[in-house]
Amino acid sequence: MKHHLFRIPVRVLPTVQHPKFFDVADGFLVVWLYAEDKAQAIERTRVIVECMPYEIVLIDEDPEFADDCVERRPECQIAAENARHIGLSVALISTPPGSESLLPTFAPPSAA
C-alpha cells in the first residue's frame, strides 16, 4: 500500500520533565510523517508524542495530506521537505506563560 505524507497537529502541555517547563504554557506539536491512512498517521503520531515530555491534550482526528498544506501555506514547505528526506518532522508552536494563547484550535471529534 502507498504511504502518504500527513500533517498532524497535536495540542500539548509540557510535563515537569520538560527542560523548559517554566517557559512554555501550552503549544502545538505539528508532526509530519508517512502513513498508509489517517488512522495509522494518528496512531504513529500518538506514539511519537508520548515519547516526548508533553501531555497530549488533543490530536487532530482529521489530519490533512501534507501537500494540501504546502499548497495553501508556503511556510509548511520546510517541514514537508524535512519529512520527505528523513521520514519525520516535528515542530513546536508555543505560548509563553502569562500570555493569552494565540494558538489556533481545532474542534474535537463530534460524538456519534
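See the structure printed just above.
Everything in this summary refers to the structure shown in the same document. These numbers were taken from a predicted model, which means no experiment stands behind them.

Cut-offs applied
- Residues numbered from 1 in each chain as written.
- Predicted model: local features only at pLDDT ≥ 70, side-chain atom pairs only at ≥ 80, totals over all residues.
- Heavy atoms only, no water.
- Helix = DSSP H or I, 4+ residues; strand = E, 2+ residues; numbered from the N terminus.
- Buried < 20%, exposed > 50% of the residue type's maximum accessible area, 1.4 Å probe, protein only.
- Contact = heavy atoms within 4.5 Å.
- Expected span 1.5 Å × (residues − 1).
- Arc of directions from axis to C-beta.
- Polar contact = N/O pair within 3.5 Å; in protein donor to acceptor, adjacent residues only side chain to side chain.

## A look at the overall build of the protein
And step 1. Scanning the protein from terminus to terminus reveals three helices and five strands.
And step 2. Ordered by position from N to C terminus, the α and β elements of the protein give β-β-α-β-β-α-α-β.
And step 3. Counting every position in the protein, which comprises 112 residues, the buried fraction comes to 36%.
And step 4. Contacts spanning at least 24 positions in sequence make up 71% of the contacts within the protein whose residues lie at least 6 apart.

## Digging into helix α1 (residues 38-50)
And step 1. Helix length check: α1, at 13 residues, gives a terminal C-alpha distance of 18 Å against a target of 18 Å (1.5 Å per residue), a fit within 8%.
And step 2. Within α1, burial applies to Ala41, Ile42, Thr45 and Val49. Along α1, the residues classed as buried sweep out an arc of 95 degrees about the axis, all on the same side. Relative to its buried face, α1 has exposed residues pointing more than 90 degrees away, namely Ala39 and Glu50.
And step 3. At its buried positions, α1 is contacted by β1 (4-14), β2 (26-35) and β3 (54-59).
And step 4. Taking the backbone nitrogen of Ala39 as reference, a side-chain oxygen 3.3 Å away marks Asp37 as the first, capping residue of α1.

None of this, on its own, says anything about what the molecule does.
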